[in-house]
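Listed below, chain by chain, are the residues.
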Amino acid sequence: MIFKATKPTTRPALRKVRTTPTLRPLHHRLDPQRVEEIPFHAPDGVRLGLTRIDTGERDRPAVLLLHGHTASADMFLLPEIRNLVDVLLDDGYEPWLLDWRGSCRLPYNATGQKYTYDDVALHDIPAAVSHIRSRIGDDRPLFAVAHCIGALTLSMSMAAGLVPGLAGVVAQGVFLTPKLAGRTSLRMSLAGELLKSRLDHIPVDFRTVGLRSRYTPLFALASRKASCPDPTCQILHHSAWGTGASLFVHEHLTETTHNRLAELLGPAPLWILPHLRRIELARTVVRWHDTDHRYAALPANALDAAGRIDTPLLLLTGSDNGLWLDSQQLCRDVLARRHPHLDVTCTEIPGYGHLDTFLGRGAALDVFGHILDFLGERR
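Parameters and conventions
Residues numbered from 1 in each chain as written. Predicted model: local features only at pLDDT ≥ 70, side-chain atom pairs only at ≥ 80, totals over all residues. Heavy atoms only, no water. Helix = DSSP H or I, 4+ residues; strand = E, 2+ residues; numbered from the N terminus. Buried < 20%, exposed > 50% of the residue type's maximum accessible area, 1.4 Å probe, protein only. Contact = heavy atoms within 4.5 Å. Areas by Shrake-Rupley, 256 points an atom, 1.4 Å probe, with all protein chains shown as cover. Lys, Arg positive; Asp, Glu negative; His and termini not counted. Charge placed at Lys NZ, Arg CZ, Asp CG, Glu CD. pLDDT = per-residue confidence, 0-100. Polar contact = N/O pair within 3.5 Å; in protein donor to acceptor, adjacent residues only side chain to side chain.

Colleague: So what exactly am I meant to see when it comes to the overall build of the chain here?
Modeller: Per the secondary structure count, the chain includes 13 helices and ten strands. Once the C-alpha set of the chain is aligned to its principal axes, its extents read approximately 90 × 45 × 40 Å. Residues counted as buried form 59% of the 379 residues belonging to the chain. When contacts within the chain are restricted to residue pairs at least 6 apart in sequence, those whose partners lie at least 24 apart make up 76%. Accessible surface for the chain amounts to roughly 16,500 Å². Of this, 53% is attributable to carbon and sulfur atoms. Each charge class in the chain can be summarised by its mean position, and for the 43 positive and 40 negative side chains these summaries are 9 Å apart.

Spelled out as structure tokens, the structure:
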């Protein structure tokens, strides 16, 4: 009996995993001639990304934008909405965007050399501020708007005195006193212990791993009782990389933004969890490298050293922040008690979560005005 050979079904090609420190192109609607990509390395040699939006005017105050972990500068440039860069440009500012080593435009979260948040606070942020200062001079005001881990690591840089003279800082979601829900903290601890021998990161794009992979159970767990059928949305909105937290209010995202989630947020490295757990348990930003003299410039406890912060602070948060809860209100109260001389304001955005304060379709109306008011009073 003769059997007819059949041609095997061709599977769609998976996205290639980047192993070289090449920046993925930014996605924006600006004139390419206005977007200056600056070759930039941290002092320890790690390739980063620094982008300046050229306005043609040399007297505008500069604003450094810092994304959260696994996000990127793309979160401030969404072409489908009126984004933060649009608003800053229209209000007379010069935006600078840093892709620090936790950016999904870079490959370090899934491949490459491991790092801690000490490296971001000691190397990435101070180097970016120093470079911007070298370009704009000391006379023009320099502000910073930071999101999530970008704000948390910035707080350590500020407490260490490594970024003096900022005209003002807007910290969204969290700053000096991180506070997670009990179940999130528990899941984070369990994941770190149970998965560390099998996984080094948790992806968000199911298309890159396929159905028959070691990551499938994580996506299946995230899909339980989820209202959205998209696997990336499930593992982010419904589960926050498996921690059980929510990263945004689903209804605030446009369809285009929702479909871009796998591009806007990358894999979460599990090897960063020990430092994050230490920070969360201490309820403040603490140094990981206690015995390494190379990190001696960082305080052991940022809250204890917060008295040296010389910058006005706006602590911004959504009222429905499902990740960091009321961390910003806690930070305001603790700083008022321990360092009453600091200029600290806390603003809560009704109905907003965590990421949608920047990615939401109505963020320009509901959120960005608070940022502009704060900057405008100090420019």
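Colleague: Explain the confidence of the model for the chain to me, please; I cannot follow it from the model alone.
Modeller: Of the residues in the chain, 92% reach a pLDDT of 70 or more, and the chain-wide mean stands at 90. Low pLDDT, under 50, characterises residues 1-16; the predicted model gives this stretch five contacts beyond four residues in sequence or across chains.

Colleague: Please clarify how the side chain of His69 should be interpreted in this entry.
Modeller: Residue placement: His69 occurs in the loop between β3 (62-66) and α1 (84-90). Polar contacts involving the side chain of His69 include one to the side chain of Tyr117, which spans 2.8 Å. Beyond its immediate sequence surroundings of up to four residues, His69 is in contact with Trp100, Gly102, Asn109, Tyr115, Tyr117, Ile149, Trp241, Pro269 and Ile272.

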